[in-house]
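Summary of the model geometry
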Amino acid sequence: MSDLDLLTQSLARNVKRWRTERAFTLDALAARAGVSRGMLIQIEQARTNPSLGTVVKIGDALGISITTLLDYEQGPKVRIVPADQAVRLWHTDAGSYNRLLAGTEAPGPLEMWDWRLMPGESSPSDPHPTGTVELIHVTAGELTLTVDGAEHVVPAGASASFEANTPHTYGNAGDAPVEMIMTVSVPGVHRDA
């Protein structure tokens, strides 16, 4: 299967999944996104490769990122994004740019942390509430991320995301400090009306 076929299948699966989760009919999503009902049907049946603009409109209407809409995986517990796979979405001839390092949905509180781990040190964390997701971007050193007993090496320049409802530990097994930026997304509290 080609990369284009994988993207088409992923987009079909994810649009249908998120439309269903949001309880949108095809007509409701079409109206919110400003695309035709026929286009949505073709997308959900993996019969078309829509423009990036159409994908952005659908993502905005669903309240999710392009990363989520095009995700090949079905619920990865830990996803490492190598430095060379960060997506550059915008740049100028003068050298300005932005890069999508890693993305996830944020239905509740979202925190951003600056971390430094000295060589040989680690910081364990108890499981967070179900639905909590963490994003990490390592700027220096090499992080050893242990999630539910499995170790994952995240080198400088790489990013990782994981479901944080199991025990996890941030560790530095190297001989240089680890510096990283971390965001934590905790699901919102649902109140009965």
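Provided above is the structure to which this section pertains.
Residues numbered from 1 in each chain as written. Predicted model: local features only at pLDDT ≥ 70, side-chain atom pairs only at ≥ 80, totals over all residues. Heavy atoms only, no water.

1. Structural notes on the overall build of the protein
In terms of helices and strands, the protein carries five helices and 11 strands. Classification of the 193 residues of the protein by burial places 35% in the buried group. Residue pairs in contact within the protein that sit at least 24 positions apart in sequence constitute 69% of those at least 6 positions apart. As displayed, the protein has an accessible area near 11,200 Å², and 52% of this comes from carbon and sulfur atoms. (Helix = DSSP H or I, 4+ residues; strand = E, 2+ residues; numbered from the N terminus. Buried < 20%, exposed > 50% of the residue type's maximum accessible area, 1.4 Å probe, protein only. Contact = heavy atoms within 4.5 Å. Areas by Shrake-Rupley, 256 points an atom, 1.4 Å probe, with all protein chains shown as cover.)

2. Describing the sheet that holds strand 5 (residues 122-125)
As summarised here, the arrangement of the four strands in space is 5-10-7-8, forming an open sheet in which the pairing is antiparallel. Because the sheet does not close on itself, it has two edges, and the strands there are strand 5 and strand 8 (150-155). Strand-to-strand twist in this sheet, taken as the mean axis angle between neighbours without regard to direction, amounts to 15°. Sheet topology note: the strand 7 (residues 142-147)/strand 8 ladder contains six bridges and is antiparallel. Looking across to strand 8, one finds that Glu-142 is bridged to Pro-155. (Pairing = 2+ DSSP bridges. Axes fitted to C-alpha atoms, helices over the stretch in contact; angles between N-to-C directions.)

3. Some remarks on the packing of aromatic side chains
One pass over the full model with this rule turns up one aromatic pair. For the pair Trp-115 and Tyr-170, a centre-to-centre distance of 4.8 Å together with 55° between the ring planes defines the contact as tilted. Of the two residues, Trp-115 is situated in strand 4 (residues 110-117) and Tyr-170 in strand 10 (residues 168-171); the sequence distance between them amounts to 55 residues. Here Trp-115 matches Tyr-170 in class, with each residue buried. (Phe/Tyr/Trp six-rings, centres within 6.5 Å; stacked < 30°, edge-to-face > 60°.)

4. Section: the packing of helix 2 (residues 26-33) against helix 3 (residues 37-44)
Contact geometry for helix 2 and helix 3: axes closest at 9 Å, N-to-C directions at 110°. As the angle between them shows, helix 2 and helix 3 are arranged roughly perpendicular. In this structure, helix 2 crosses over helix 3, and the sense of that crossing is right-handed. Across from Leu-26, Asp-27, Leu-29 and Ala-30 in helix 2, the residues of helix 3 making contact are Arg-37, Leu-40, Ile-41 and Glu-44. Grouping the amino acids of the contact of helix 2 with helix 3 by side-chain chemistry returns five nonpolar, no polar and three charged. (Parallel < 35°, antiparallel > 145°, perpendicular 65-115°, else oblique. Left-handed = near helix turned anticlockwise from the far one by under 90°. Nonpolar A, V, L, I, M, F, W, Y, C, P; charged D, E, K, R; others polar.)

5. Some details on the nonpolar core
By size, the foremost hydrophobic cluster in this structure holds 18 residues, and its most contacted members are Ile-136, Leu-143, Leu-145, Phe-162 and Tyr-170. When contributions to this core are tallied by element, the ones reaching two or more residues are strand 4, strand 6 (133-140), strand 7, strand 9 (159-163) and strand 11 (178-185). By size, the runner-up hydrophobic cluster in this structure holds 17 residues, among which are Val-15, Leu-29, Val-35 and Leu-69. (Core = buried A, V, L, I, M, F, W, Y, C linked by side-chain atoms within 4.5 Å.)

6. Re unusual backbone geometry
Phi is positive for Ala-46, close to 55°, though the residue is something other than glycine. Tracing the sequence through the fold places Ala-46 in the loop between helix 3 and helix 4 (52-62). Although it is not a glycine, Asp-148 adopts a positive phi angle of roughly 55°.

7. Here we look at a nonpolar patch on the surface
Together, Leu-52, Val-56 and Ile-66 line one region of the surface with nonpolar side chains, adding up to about 230 Å² of accessible area. Taking relative accessible area as the criterion, Ile-66 reaches 31% and is therefore assigned partly exposed. (Patch = residues over 30% accessible without salt bridge, like charges linked within 9 Å, V, L, I, M, F, W, Y side chains within 5 Å. Salt bridge = Lys/Arg side-chain N within 4 Å of Asp/Glu carboxyl O.)

8. Things to note about the side chain of Glu-44
For Glu-44, the position within the fold is in helix 3. For Glu-44, the residues in contact, after removing those within four places along its chain, are Ala-12, Val-15, Lys-16, Arg-19 and Leu-26.

9. Overview of the pattern of salt bridges
A complete count under the given rule lists four salt bridges for this structure. Taking the shortest distance from any N to any O, the salt bridge between Arg-19 and Glu-44 comes out at 2.6 Å. You can see Arg-19 sitting in helix 1 (residues 3-21) and its partner Glu-44 sitting in helix 3, a full 25 residues away along the chain. A salt bridge links Asp-27 to Arg-37, with the shortest nitrogen-to-oxygen separation between them at 3.0 Å. Taken together, the residues Asp-27 in helix 2 and Arg-37 in helix 3 connect sequence positions 10 residues apart. On the basis of relative accessible area, Asp-27 is assigned to the partly exposed category, the value being 48%.

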